[in-house]
Amino acid sequence: MISERMEAALNAQINKEIYSAYLYLSMSAYSTFIGLKGFANWFMVQYQEEMAHAMKFYQYINEQGGRVTLRAIEQPPTEWQSLMDMFEKTLAHEQFVTRSINELVDLAITEKDHATQIFLQWFVTEQIEEEGNDNEIITKLKLVGGAGNGLLMIDKELELRAFTPPAAAA
Ligand code: FEO
């Protein structure tokens, strides 16, 4: 059982996760357009991860006898100044999601909702990994100055990323 307030907050998080998916799908499309297949792949995997995150919240609300209500998804940006710009915006967005997850945990603690606290722990850990991945790529882009052969090497590396569904990864 979850409270109405918690149900509303979890539904709002579904919207944030699907917006995240939409944002990264837009980044994938832009990467394809500028000819960087590896970056396009990395963001496509990120899109799949975000949809899986949204579905984790979706299933949890249902399991708890709550009601899933879907809202409009905001339009994401469609172009960026550079790859560095794209990854800095990605990191800033993930930091926003981390704050949102932390607020959900705070609410679960306030409400003494132990089940939701346990459910959210997976996301607390996941956000460390998400921010870590972005920081790593930003560091690499800085090293190569965001251009040239170095950039193509990063593109090759990012082409190897594959999607692993969260349940199988746990
Ligand atoms: Fe679902 Fe990237 O946080």
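What you see is a predicted model, and the numbers here were worked out from it, not measured in a lab.

J.: What am I meant to see in the overall build of the protein chain here?
T.: Of the regular secondary structure elements, the protein chain holds six helices and zero strands. Taken over the C-alpha atoms alone, the protein chain extends approximately 55 × 25 × 25 Å along its principal axes. Within the protein chain, buried positions represent 45% of all 170 residues. Considering only contacts within the protein chain whose residues lie at least 6 apart along the sequence, 82% involve residues at least 24 apart. With an accessible surface of roughly 9300 Å², the protein chain has 56% of that area assigned to carbon and sulfur atoms.

J.: Help me out: how do you make sense of the environment of M55 in this one?
T.: Relative to the assigned elements, M55 resides in helix α2 (residues 37-63). Owing to a relative accessible area of 35%, M55 belongs among the partly exposed residues under this scheme. The spacing of M55 and I14 is 41 residues in sequence and 7.6 Å in space, taken between C-alpha atoms.

J.: Is there a simple way to explain the nonpolar core in this structure?
T.: Grouped burial of nonpolar side chains is what soluble globular proteins tend to show. Counting 21 residues, the largest nonpolar core has M27, F39, F43, L83, M86, F87 and L141 as its most contacted members. Ignoring anything within four residues of it in the chain, the contact list for F87 reads F39, W42, F43, I137, I138 and L141. Core analysis: the next-biggest nonpolar cluster, separate from the first, contains 19 residues, I61, L104, F119 and L120 among them.

J.: Explanation requested: the packing of α2 against helix α4 (residues 114-144) in the structure shown.
T.: Each pair of packed helices gets described by two things: the angle between the helix axes and the distance between those axes. As a packed pair, α2 and α4 sit with axes 12 Å apart at the nearest point and diverge in direction by 170 degrees. In terms of axis orientation, α2 runs roughly antiparallel to α4. The residues of α4 that touch α2, namely those facing F39, W42, Q46, E49, E50, H53, K56, F57 and Y60, are A115, T116, F119, L120, W122, F123, E126, E130, N133, D134, I137 and L141. Tallied by class, the residues present in the contact of α2 with α4 amount to 11 nonpolar, four polar and six charged.

J.: How do you make sense of the packing of aromatic side chains when you look at a structure like this?
T.: To describe a pair of aromatic rings, one takes the distance between the centres and the angle between the planes. Counting across every chain of the model gives 11 aromatic pairs. Ring geometry for Y24 and F43: centres 6.1 Å apart, planes at 25 degrees, overall stacked. Placement of the pair is Y24 in helix α1 (residues 4-33) and F43 in helix α2, with a sequence separation of 19 residues. F43 carries the same exposure label as Y24, and that label is buried. One cation-aromatic arrangement involves K56 over W122; the distance from NZ or CZ to the ring centre is 4.3 Å.

J.: Whenever I open this one, unusual backbone geometry confuses me. Can you help?
T.: Most peptide bonds are trans, and most residues other than glycine sit at a negative phi. Notably, K112 is not glycine yet its phi reads approximately 55 degrees, a positive angle. Its place among the elements puts K112 in the loop between α3 (83-110) and α4.

J.: Teacher, can you tell me more about the pattern of salt bridges here?
T.: If you walk through the whole model with that rule in mind, you get five salt bridges. For E159, the salt bridge is made with K37, and the minimal N-O distance between the two is 3.9 Å. Taken together, the residues E159 in the loop between α5 (148-158) and α6 (166-169) and K37 in helix α2 connect sequence positions 122 residues apart. Between K140 and E136 there is a salt bridge, with the nearest N and O atoms lying 3.5 Å from each other. Of this pair, K140 and E136 both sit in helix α4, four residues apart, roughly one helical turn. For K140, a relative accessible area of 23% gives the class partly exposed. Residue classification places E136 among the partly exposed residues on the basis of a relative accessible area of 44%.

What counts, and where the lines are drawn
Residues numbered from 1 in each chain as written. Predicted model: local features only at pLDDT ≥ 70, side-chain atom pairs only at ≥ 80, totals over all residues. Heavy atoms only, no water. Helix = DSSP H or I, 4+ residues; strand = E, 2+ residues; numbered from the N terminus. Buried < 20%, exposed > 50% of the residue type's maximum accessible area, 1.4 Å probe, protein only. Contact = heavy atoms within 4.5 Å. Areas by Shrake-Rupley, 256 points an atom, 1.4 Å probe, with all protein chains shown as cover. Core = buried A, V, L, I, M, F, W, Y, C linked by side-chain atoms within 4.5 Å. Axes fitted to C-alpha atoms, helices over the stretch in contact; angles between N-to-C directions. Parallel < 35°, antiparallel > 145°, perpendicular 65-115°, else oblique. Nonpolar A, V, L, I, M, F, W, Y, C, P; charged D, E, K, R; others polar. Phe/Tyr/Trp six-rings, centres within 6.5 Å; stacked < 30°, edge-to-face > 60°. Lys NZ or Arg CZ within 6 Å of the ring centre and 35° of its normal. Salt bridge = Lys/Arg side-chain N within 4 Å of Asp/Glu carboxyl O.

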